[in-house]
There are 2 protein chains.
Amino acid sequence: MSATSPQRITLIGLGTIGMSMAALHLARDNVVDVFDTRPDFEDYLIKTLPGFLAGSDSESTESHPEKVVAALISSGRLQIHSSLETACASATIVQEQGPENLEFKRSIWNKVESMAPASAHLWTSTSGIAASKQQQDMQDKTRLLVVHPFNPPHIMPLLEIVPSPETSSERVEFAREYFSIAGSRHRPVIIRKEVPGFVGNRLAFALLREACHLVQEDVVTAGDLDTILMASLGPRWAGNGVFESYQQGGGEGGIRSFLDKLGGTMQNVWDDQGTVNVLGEQGTEWKEKVIQQTNEAYGTQTPEQTREKEERLRELIRIQTQRY
Amino acid sequence: MSATSPQRITLIGLGTIGMSMAALHLARDNVVDVFDTRPDFEDYLIKTLPGFLAGSDSESTESHPEKVVAALISSGRLQIHSSLETACASATIVQEQGPENLEFKRSIWNKVESMAPASAHLWTSTSGIAASKQQQDMQDKTRLLVVHPFNPPHIMPLLEIVPSPETSSERVEFAREYFSIAGSRHRPVIIRKEVPGFVGNRLAFALLREACHLVQEDVVTAGDLDTILMASLGPRWAGNGVFESYQQGGGEGGIRSFLDKLGGTMQNVWDDQGTVNVLGEQGTEWKEKVIQQTNEAYGTQTPEQTREKEERLRELIRIQTQRY
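Every value quoted in this text rests on a predicted model; they were computed, and no experiment measured them.

Rules used in this analysis
- Residues numbered from 1 in each chain as written.
- Chains lettered and ligands numbered in written order.
- Predicted model: local features only at pLDDT ≥ 70, side-chain atom pairs only at ≥ 80, totals over all residues.
- Heavy atoms only, no water.
- Helix = DSSP H or I, 4+ residues; strand = E, 2+ residues; numbered from the N terminus.
- Buried < 20%, exposed > 50% of the residue type's maximum accessible area, 1.4 Å probe, protein only.
- Contact = heavy atoms within 4.5 Å.
- Areas by Shrake-Rupley, 256 points an atom, 1.4 Å probe, with all protein chains shown as cover.
- Pairing = 2+ DSSP bridges.
- Axes fitted to C-alpha atoms, helices over the stretch in contact; angles between N-to-C directions.
- Least-squares fit on C-alpha atoms with pLDDT ≥ 70 in both.
- UniProt positions renumbered as here; feature names shortened; annotations may be inferred.
- Expected span 1.5 Å × (residues − 1).
- Domains from an automatic or database assignment.
- Buried area = accessible area lost by both parts, 1.4 Å probe.
- Salt bridge = Lys/Arg side-chain N within 4 Å of Asp/Glu carboxyl O.
- Polar contact = N/O pair within 3.5 Å; in protein donor to acceptor, adjacent residues only side chain to side chain.
- Nonpolar A, V, L, I, M, F, W, Y, C, P; charged D, E, K, R; others polar.
- Core = buried A, V, L, I, M, F, W, Y, C linked by side-chain atoms within 4.5 Å.
- Phe/Tyr/Trp six-rings, centres within 6.5 Å; stacked < 30°, edge-to-face > 60°.

Asker: Let's hear about the overall build of chain A: which residues, and what values?
Answerer: For chain A, the helix and strand inventory stands at 15 helices and 8 strands. In terms of its C-alpha atoms, chain A occupies a principal-axis envelope of roughly 60 × 50 × 45 Å. Burial analysis of chain A (324 residues in total) assigns 57% to the buried set. Long-range pairs, those at least 24 residues apart, make up 66% of the contacts in chain A with a sequence separation of at least 6. Accessible surface, chain A: about 13,100 Å² in total, of which carbon and sulfur atoms supply 48%.

In C-alpha cells, the structure reads:
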C-alpha cells in the first residue's frame, strides 16, 4: 500500500502529543483508532481534541470544532477503543506516544506485534529511547522506527525518522513518504545513527546549556536572553539553517571564509563555554536562578496567550514556504 | 540631547555592516557622516548603498533607490568625507565598523577622542573585542561601549549593548533609548558582563559546535541538519525564547517540571556533546566535511536568492510584532 494513500492509524497514548498527532492524521483522509488507559478517556478526548482540531486549516473546523469531532466519530473516521486488541486489529500504522519508560515500550511492542496485522508499520514518538532498545523482545525487528515529532506536531513541521540498524529501508521510506505528501508543511528528516536526543533536541540542549550558564553567571537575565534569541537567531534560523547562514555570512568564500575569519572568536567562545549539569551533585544554584527568572518573566500562560502564540507559530511556518 | 531626537552620526568603516548600519540610521531623521579609507570610497558608496536602502520600508526608496541616495547627498542628510577629522567634527554619535583588530580599535578611538565633540557617544560594532580593551589609551573611558549588531542590522532587530566596567550608565541608557524609538523593530539588550562573543554569538556557536560534531559523526548531513533547524527550533525561537518555550513545554509546573521530566535526557545529551575545535591541531577533518556538504547543499547564492531570503527575513520579523 502506498504511503500517500489513506491509512488506518492506531494511536496509543493520547496525552498532549497524542492529541496533536491525532489532529495531524485526521487533517488527512485517514481512519484513526485511538486507545488510552485513562478511565475517563472518551470524555477527555471529546473535550480535548477540539482544541487541536480548531487550529487546523479547515474553515468549518475553525468555527465548530466540537461538531467536527462528533462528525468524525459518527462517520467512523475516528474510533475510540477500550481495548488495545480492537484498536490495533486493522491498522496499517501503529504509533505510540506512551510513557517514556523502556519497560512500557518493550511490553507495548510485544503486545502490538501479536495484535496488529504483520504488514503494519510500527512508529514510536519517543524523544529519547532508541528503536534498537525498544525492539529487543520483538519477533520482527525490521518494522519499528522512531518518528520523533516536535511539539505540537499538528503545527511544527519537523519529524525525525530514526531507524534502528535492523529497521528495513522500505519501512523508513514509507514513513518519509507519508509525511512528505504534497501540500503538507511537514518535513520528515532521516537520522542516520541512533544518538541520545536525536538531532533537534541535541541542538536545542547545546544552546540551552550555554543559556543556563550565562544566566547563572549573571551575564544576562533569562528574559533578556530570550529577547536576544527572538531578535536574532530565531528569525535567522527560521529563514536559513545554521550552515546556510554562515555560507552566506562568509561572502564569496562561503563558510570556508567564515571559519577562517571568525575562527579566533569561535575558539575563544568554545574554550569559555559553560558546562552546567542538570543531574548529579552540581547544579541546584543555576536551576533555581533560571526557574525564578523564567517565572518572573512569564508566569503562567493564559489560554488566550497560548492560542495567540500558536497563531504566530503557524504564521511563521506559513512564511517559510511562501515564495517572493 | 535626547536619544530620540535626530542625531548626527559619524560612521567609520563602510563595509557590509557599515552600509547596513548607514541604512538603519538614514531610515530615521538623522544626518550621517561617512568615512572609509578605501580609495574609490565615494563611487563604492553610491553603487552599494542603494541595495541596502532598497530594502527599507519606504515605498519611494523601493522604486528608485539610486535617486534616494542622490537626494540624501544633495539635502545634506548623507555627507561623504575624505578625512576622519571633518567626519567627526560635529558628531553626536561616532560608530566604528572597522577591522576586528585591537591595534586598529585603540588607534581609532585615540584619534576620535581628539577630533569629535567631548559630548559625542562612542560606539564600536565589534563582535569580539571588549570595550575595556579598546579604551585603554583613551582619556575619558566613560564614553565607549559596544553596540554589536546582528547581520544585517537594517533588518535584524538585535543590538547587544555591552558597556565596559568604566562606561557611564548614562551612555548605556542613551544607546538603549536610541534603538528603542517608538515604531522601530530594533530591540537593544544590555549585556551585564564583557564575555567572549557576548550572548547572541555564544548561543549560536554553542549550537554550531554540536552541529559540526553531528556532521562529522555522520549522524546527519549539513543540509538535513539545516532542514531540522528550520522545521523546528528556528520558528519556535522566532516565536518564543528558549526559556519561555520550556516554561510552556512544562505545562502547569512550567520550566521546573520540564527540567524534572526531561532532566535525564538532557544530561545524557550534555554528557555526549561534541567538542570539535576550529583552531589548534584537531579539526581539519570535520571542517572539510562541513565545508564540502555546505557547498553541495547551497553552492553560491545568486543576488535574486539573496534578495528573496532578505524579503523572507523581513516578513518573519514583521510577524513577530503582529498582534492576533
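That covers the picture; the talk isn't over yet.
Asker: Tell me about the sheet that holds strand E4 (residues 93-96) of chain B, and name the residues and values.
Answerer: As a general point, the strands of a sheet are linked pairwise by backbone hydrogen bonds and lie either parallel or antiparallel. Spatial strand order, E3-E2-E1-E4-E5-E6-E7-E8 (chain B): 8 strands in an open sheet with mixed pairing. In the strand order of this sheet, the two ends are held by strand E3 (78-81) and strand E8 (187-190) of chain B, each with one partner. Between one strand axis and the next, the sheet turns by 25 degrees as a mean value, whatever way the strands run. Pairing of strand E1 (residues 8-12) of chain B with strand E2 (residues 31-35) of chain B involves 5 bridges; the strand directions are parallel. Looking at the pairing, Ile9 of chain B lines up with Val32 of chain B of E2 of chain B. Helix H10 (residues 222-230) of chain A contacts strand E7 (158-163) and E8 of chain B of the sheet and is inclined by roughly 140 degrees relative to E8 of chain B.

Asker: Can you tell me about unusual backbone geometry, naming the residues and giving the values?
Answerer: The omega torsion of the bond from Asn151 of chain A to Pro152 of chain A falls at -10 degrees, within 30 degrees of zero and hence cis. With a phi close to 55 degrees, Phe198 of chain B is a non-glycine residue in the positive phi region. As for its placement among the helices and strands, Phe198 of chain B is situated in the loop between E8 and helix H9 (200-216).

Asker: Would you mind going over the relation of the copies chain A and chain B in detail, with residue names and values included?
Answerer: Under the fitted operation, chain A is carried onto chain B by 0.0 Å of movement along the axis and a turn of 180 degrees, and the coordinates agree to an RMSD of 0.0 Å. Interpreted geometrically, this transformation is the action of a two-fold axis. Counting the interface residues of chain A, we find that 100% of their copies in chain B are interface residues as well, pointing to one common contact surface.

Asker: How would you summarise the UniProt feature "site: Important for catalytic activity" (unreviewed entry) in chain A if you had to cite specific residues and measurements?
Answerer: According to UniProt, the "site: Important for catalytic activity" (unreviewed entry) feature falls on His148 of chain A. Considering the arrangement of structural elements, one finds His148 of chain A in strand E6 (residues 144-149).

Asker: Report on helix H15 (residues 303-320) of chain B, specifying residues and quantitative values.
Answerer: In an α-helix, one turn spans 3.6 residues, which is why side chains three or four residues apart end up on the same side. For H15 of chain B, spanning 18 residues, the distance from its first C-alpha to its last is 26 Å, which sits close to the expected 26 Å at 1.5 Å a residue. Every buried residue belonging to H15 of chain B is among Lys309, Arg312, Leu313, Arg314, Glu315, Leu316, Ile317, Ile319 and Gln320 of chain B, and all of these are buried.

Asker: Please provide a residue-by-residue account of the domain arrangement of chain A, values included.
Answerer: Residues and elements named next belong to chain A. Annotation of chain A at the domain level lists domain 1 (8-197) and domain 2 (200-322). For domain 1 and domain 2, the distance between their C-alpha centres works out to 29 Å. The interface is formed by 18 residues belonging to domain 1 together with 11 residues belonging to domain 2. Together, the buried faces of domain 1 and domain 2 total about 1,300 Å²; carbon and sulfur atoms form 53% of this surface. For the pair domain 1 and domain 2, the number of links is 0 salt bridges. Connecting domain 1 to domain 2 are 3 residue pairs in polar contact (both at pLDDT 80 or more). Here the residues of the side of domain 1 that touches domain 2 sort into 7 nonpolar, 6 polar and 5 charged.

Asker: Hey, could you go over the nonpolar core for me, with residue numbers and the actual values?
Answerer: Counting residues in hydrophobic clusters, the biggest one holds 124 residues, and the most contacted among them are Val112, Phe205, Val242 and Phe243 of chain A together with Phe205, Val242 and Phe243 of chain B. Val34, Leu53, Phe174 and Tyr178 of chain A belong to the second-largest nonpolar core, a separate cluster that totals 32 residues.

Asker: Give a detailed account of the side chain of Thr221 of chain B, specifying residues and quantitative values.
Answerer: Among the secondary structure elements, Thr221 of chain B is positioned in the loop between H9 and helix H10 (222-230). In terms of polar contacts, Thr221 of chain B uses its side chain to reach the backbone amide nitrogen of Asp224 of chain B, at 3.0 Å. Once you skip the residues sitting within four places of it in the chain, Thr221 of chain B turns out to touch Arg192 of chain A together with Val215 and Gln293 of chain B.

Asker: Please set out the packing of aromatic side chains residue by residue, giving values where relevant.
Answerer: Considering all chains together, one arrives at 14 aromatic pairs over all chains under this definition. Taking 6.3 Å as the distance between ring centres and 50 degrees as the angle between the ring planes, the aromatic pair formed by Trp270 of chain A and Trp286 of chain B counts as tilted. One end of the pair, Trp270 of chain A, is in helix H13 (residues 254-272); the other, Trp286 of chain B, is in helix H14 (residues 284-298), on a second chain. For Trp270 of chain A, a relative accessible area of 3% translates into the label buried. Judged by its relative accessible area of 2%, Trp286 of chain B is buried.

Asker: Give me the sheet that holds strand E1 (residues 8-12) of chain A: which residues, what numbers.
Answerer: All names here are of chain A. Pairing within the open sheet is mixed, and its 8 strands lie in the order E3-E2-E1-E4-E5-E6-E7-E8. Each edge of the open sheet is held by one strand with a lone partner, namely strand E3 (78-81) and strand E8 (187-190). The sheet shows a mean angle of 25 degrees between the axes of neighbouring strands, direction not considered. Where strand E7 (residues 158-163) meets E8, 4 bridges bridge the pair, whose relative direction is parallel. Paired with Leu159 across the two strands is Pro188, which belongs to E8. Its contacts with the sheet place helix H8 (residues 169-179) against E1, strand E4 (93-96), strand E5 (121-124), E6, E7 and E8, and it is angled at close to 70 degrees to E5.

Asker: Explain the environment of Ser74 of chain B to me, and be specific about the residues and the numbers.
Answerer: Locating Ser74 of chain B in the fold gives a position in helix H4 (residues 65-74). Of note is the side chain of Ser74 of chain B, whose polar atom sits 3.3 Å from the backbone oxygen of Ala71 of chain B.

Asker: Give a detailed account of the interface of chain A and chain B, specifying residues and quantitative values.
Answerer: Of the residues lining the interface, 104 residues belong to chain A; the matching set on chain B comes to 104 residues. A combined buried area of about 10,600 Å² lies between chain A and chain B, and 69% of that area is made up of carbon and sulfur atoms. Connecting chain A to chain B are 8 salt bridges. The interface formed by chain A and chain B holds 46 residue pairs in polar contact (both at pLDDT 80 or more) in total. Here the side of chain A that touches chain B is built from residues that sort into 54 nonpolar, 26 polar and 24 charged.

Asker: Give me the lowdown on the pattern of salt bridges, citing residues and values where you can.
Answerer: Pairing between side chains becomes possible if they bear opposite charge and their charged atoms approach one another. What the rule picks out here adds up to 22 salt bridges over all chains. Ionic pairing is found between Arg8 of chain A and Asp33 of chain A, a salt bridge with its closest N-O pair at 2.8 Å. Here Arg8 of chain A is found in strand E1, whereas its partner Asp33 of chain A is found in strand E2 (residues 31-35), with 25 residues between them in sequence. Judged by its relative accessible area of 1%, Asp33 of chain A falls in the buried class. A salt bridge links Glu210 of chain A to Arg202 of chain B; the nearest nitrogen and oxygen atoms lie 2.7 Å apart. Residue Glu210 of chain A is located in helix H9 (residues 200-216), and its partner Arg202 of chain B is located in helix H9; the two belong to separate chains. Each member of the pair, Glu210 of chain A together with Arg202 of chain B, is buried. Here the residues in one salt-bridge network are Glu96, Glu100 and Lys105 of chain A, joined through shared partners.

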